[in-house]
Amino acid sequence: MASYRPPESYEDLIKLIHDRYEDMSKSYQRIALYLTQNPNDVAVLSVNAIGQKCGIHASSFVRYAQSLGYKGFKELQAVFQRRLSTAAPGFDARVRALEAELGGVREGEMGFLADLVTRDVASLQDLLANMDAGQLAEAAALMEAADTIYLIGQLRSAPVVELLRYVLTMLGKRTVLLDASGGLATHMAKVARPTDMLFVVSFRFYATEVVNVAEETAGRGVPIVAITDSTLSPYAKMAKILFAVPEHEYTFSRSLAAPMCLAQALCVALASRLQKNSSDPRIPVVTGP
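Residues numbered from 1 in each chain as written. Predicted model: local features only at pLDDT ≥ 70, side-chain atom pairs only at ≥ 80, totals over all residues. Heavy atoms only, no water.

A short note on helix α1 (residues 10-20)
Keep this limit in mind: Summary of the burial criterion: residues with accessible area below 20% of their type's maximum are buried, those above 50% are exposed, and those between are partly exposed, where the area comes from a 1.4 Å probe applied to protein chains only. Numbered from the N terminus, helices here are DSSP runs of H or I no shorter than four residues, and strands are runs of E no shorter than two. By construction, the arc corresponds to the directions joining the helix axis to the C-beta atoms.
Regarding α1, the residues found buried are Tyr10, Leu13, Ile14, Leu16 and Ile17. All buried residues of α1 project into a common sector of 160° when viewed along the axis, lining one side. In α1, the exposed positions angled more than 90 degrees off the buried face are occupied by Glu11, Lys15 and Asp19.

Written out as structure tokens, the structure is:
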């Protein structure tokens, strides 16, 4: 158990978690991710319930709290409880409210659809409630100024960067998708210059090639905008602008609703700047008349 005085404020606690994250064991890193992504749940659930959600035994949460200087988990939990008094509703609370609004759980196929819609709407509400307006403006300005926008995202992230490639191309931006096919993504990224930018979309478990490309590109002074799942992701120290969009477990996968919406919002913000139209920017389409 640590002998120093543990953090009393939520902000100081999160900073401590970030500072120690890379040196933590794999199980402690999973705990850290859960604590930072689900602060409202941490405030109201028992340590056993949190352990079940996280897939880690409750005793590990107790030891983790002690490693941060607390006497036990309840003392750490008190920090989250103090934060909750001024916080917006968490994801689970939003889901429960939406379920009640939509008339409760349905059976069969409609039940699957209702569950996904409810969780996606809650995820979008979280996105809006936690977004920093300054970051949106800064990212749009960076996209506008870039000579070329390089895009990278693999596996589940691929649909987001494919959408970005389409919309940015239609807006007249020089855009290069660092596609994994052919094995040339790493080599293509090496021509990016500091006057360009790299747009990364990546979630756990972060594709090794994407992390390597981002690390090498950032090392050459190319600015990075990243959409990821946590401020503890490997892109936190590389990105000039980091959008952390927490992910929540769904029936079969994690939803792309919030990342897709954020990507579209950034494109609309860019269109507004390019078209000098702050009220009604338009995205050109290939199939238009």
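There's more to say after this.
Some details on the nonpolar core
Soluble globular proteins tend to pack their nonpolar side chains together in the buried interior. Heads up, the rule is: Residues belong to one nonpolar core when they are buried, are Ala, Val, Leu, Ile, Met, Phe, Trp, Tyr or Cys, and are joined through side-chain atoms within 4.5 Å. Any pair of residues with heavy atoms lying within 4.5 Å of one another is described as a contacting pair.
Counting residues in hydrophobic clusters, the biggest one holds 31 residues, and the most contacted among them are Leu164, Phe199 and Ile227. Elements with a minimum of two residues in this core: α9 (133-145), β1 (148-152), α10 (158-170), β3 (197-201), β4 (224-228), β5 (241-244) and α13 (257-274). It is α13 that contributes the most residues to this core, seven residues altogether. The residues contacting Phe199, other than those within four sequence positions of it, are Met143, Ile149, Tyr150, Leu151, Ile152, Leu164, Val225, Ile227 and Leu266.

Describing the pairing of β1
Keep this limit in mind: Clockwise travel from the first strand over the helix to the second, with the strands pointing away from the viewer, marks a crossover as right-handed. Strands were regarded as paired on the criterion that DSSP finds at least two bridges between them.
Across the five residues that make up β1, a large majority, five, are buried. Every second residue of β1 is oriented toward a common face, with Thr148, Tyr150 and Ile152 on one face and Ile149 and Leu151 on the other, all of them buried. Once you follow β1 into α10 and on to strand β2 (residues 174-177), the crossover reads as right-handed. Sheet topology note: the β1/β3 ladder contains four bridges and is parallel. Note that in β3 the partner of Tyr150 across the bridge is Leu198.

Description of α9
What counts here: For a helix, the expected span equals 1.5 Å multiplied by the residue count minus one.
A rise of 1.5 Å per residue sets the reference length of α9, with its 13 residues, at 18 Å; its end C-alpha atoms lie 19 Å apart and thus fit the reference within 8%. Every buried residue belonging to α9 is among Ala139, Ala140, Leu142 and Met143, and all of these are buried. Buried residues along α9 cover an arc of 160° about the axis, so they all sit on one side. Exposed side of α9, more than 90 degrees from the buried face: Ala133 and Ala145 are the residues found there.

Quick notes on the pattern of salt bridges
Stated precisely, the cut-off is as follows: What counts as a salt bridge is simple: a side-chain nitrogen of Lys or Arg found within 4 Å of a carboxyl oxygen of Asp or Glu.
Applying the stated rule across the entire model yields 11 salt bridges. Of the charged contacts, one joins Glu8 and Arg5 as a salt bridge, the two residues approaching to 2.3 Å between their closest N and O atoms. Glu8 gets classed as partly exposed once you look at its relative accessible area, which sits at 47%. Overall, Arg5 belongs to the exposed group, its relative accessible area being 67%. Note that Arg220 and Glu216 form a salt bridge whose closest N and O atoms lie 2.7 Å from each other.

Description of the packing of helix α2 (residues 26-37) against helix α4 (residues 47-54)
Heads up, the rule is: All axes here are fitted lines through C-alpha atoms, helices being fitted over the stretch that makes contact, and every angle between N-to-C directions spans 0 to 180 degrees. For classification, angles of less than 35 degrees are called roughly parallel, those exceeding 145 degrees roughly antiparallel, those between 65 and 115 degrees roughly perpendicular, and all remaining angles oblique. Nonpolar residues are Ala, Val, Leu, Ile, Met, Phe, Trp, Tyr, Cys and Pro. Charged residues are Asp, Glu, Lys and Arg, and all others, Gly as well, are polar.
Running from N to C, α2 and α4 cross one another at 110°; their axes reach a closest spacing of 11 Å. As judged from the angle between their axes, α2 and α4 are roughly perpendicular. Here Arg30, Ile31 and Tyr34 of α2 come into contact with α4, specifically with Ile50, Lys53 and Cys54. The residue makeup of the contact of α2 with α4, split by class, is four nonpolar, no polar and two charged.

Let's talk about the packing of α2 against helix α5 (residues 58-67)
Put simply, α2 and α5 touch, their axes get as near as 10 Å, and they point 85° apart. Judged on the interaxial angle alone, α5 and α2 are roughly perpendicular. Here α2 contributes Tyr28, Ile31, Ala32 and Leu35 to the contact with α5, which in turn contributes Ser60, Phe61, Arg63, Tyr64 and Ser67. Looking at side-chain class alone, the contact of α2 with α5 contains six nonpolar, two polar and one charged residues.

Things to note about the sheet that holds β1
Strands sit in the order β2-β1-β3-β4-β5 across an open sheet of five strands; the sheet is parallel. With partners counted over all chains shown, the strands left at the sheet margins are β2 and β5, one partner each. Put simply, the sheet's adjacent strands are angled 15° from each other on average, direction ignored. In the sheet, β1 pairs with β2 via four bridges, with the strands oriented parallel. Within the sheet, the bridge partner assigned to Thr148 lies in β2 and is Arg174. Helix-sheet contacts for α9 involve β1, β3, β4 and β5, and the interaxial angle to β5 is about 130°. Sheet strands touched by helix α12 (residues 208-219): β1, β3 and β4. Its angle to β3, the strand with the most contacts, is close to 155°.

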